[in-house]
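# Geometric and topological summary
One-letter residues, chain by chain:
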Amino acid sequence: MTEYEIKKQICDIGKRIYNQGMVAANDGNVSVKLPDGNFIATPTGISKSFITPEKLVIINENGILFDVDYINGQKTGFFLDQRDNRQMVGEQSRGKRVL
């Protein structure tokens, strides 16, 4: 399955859980761990009923890939000013299973 097909499935799941009343418009995230260890996740602040594959993009920071929708607003769940903190947590948690 291609990355785009996975993104399409994420969008379909988002629409289904929204339509069934399982989630309010902007609640929570749907994510998938890819075989290469990277993740694709729905952005924060966008209704699950309006997510499209094109709204899911990858940002590579310190060798880590993040999927966020930075085009449609500030509520991506990805705060650029926290870059150093994410790197520090990664270094301190390396090899650990629980933080």
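Being a predicted model, the structure only gives us computed values, none of them experimental.

## Considerations on the overall build of the chain
Along its length, the chain carries two helices and four strands. Shown N-terminal to C-terminal, the secondary structure of the chain runs as helices and strands in the order α-β-β-β-β-α. Residues counted as buried form 28% of the 99 residues belonging to the chain. Contacts in the chain between residues far apart in sequence, at least 24 positions, make up 37% of those at least 6 positions apart. Counting every atom, the chain has about 6900 Å² of accessible surface; 53% of that belongs to carbon and sulfur.

## With respect to the nonpolar core
In terms of nonpolar packing, the biggest core is built from six residues, these being Ile 6, Ile 10, Val 30, Leu 34, Ile 40 and Leu 56. Look past the residues within four positions of Val 30 in its chain and what remains in contact with it is Ile 10, Ile 13, Ile 17, Ile 40, Ala 41 and Thr 42.

## A short note on the side chain of Ser 47
Summarising the element assignment, Ser 47 is placed in the loop between strand E2 (39-41) and strand E3 (57-61). Within polar-contact distance, the side chain of Ser 47 engages the side chain of Ser 49 at 2.8 Å.

Thresholds, definitions, all that
Residues numbered from 1 in each chain as written. Predicted model: local features only at pLDDT ≥ 70, side-chain atom pairs only at ≥ 80, totals over all residues. Heavy atoms only, no water. Helix = DSSP H or I, 4+ residues; strand = E, 2+ residues; numbered from the N terminus. Buried < 20%, exposed > 50% of the residue type's maximum accessible area, 1.4 Å probe, protein only. Contact = heavy atoms within 4.5 Å. Areas by Shrake-Rupley, 256 points an atom, 1.4 Å probe, with all protein chains shown as cover. Core = buried A, V, L, I, M, F, W, Y, C linked by side-chain atoms within 4.5 Å. Polar contact = N/O pair within 3.5 Å; in protein donor to acceptor, adjacent residues only side chain to side chain.

In short, shape yes, function no, at least from these values alone.
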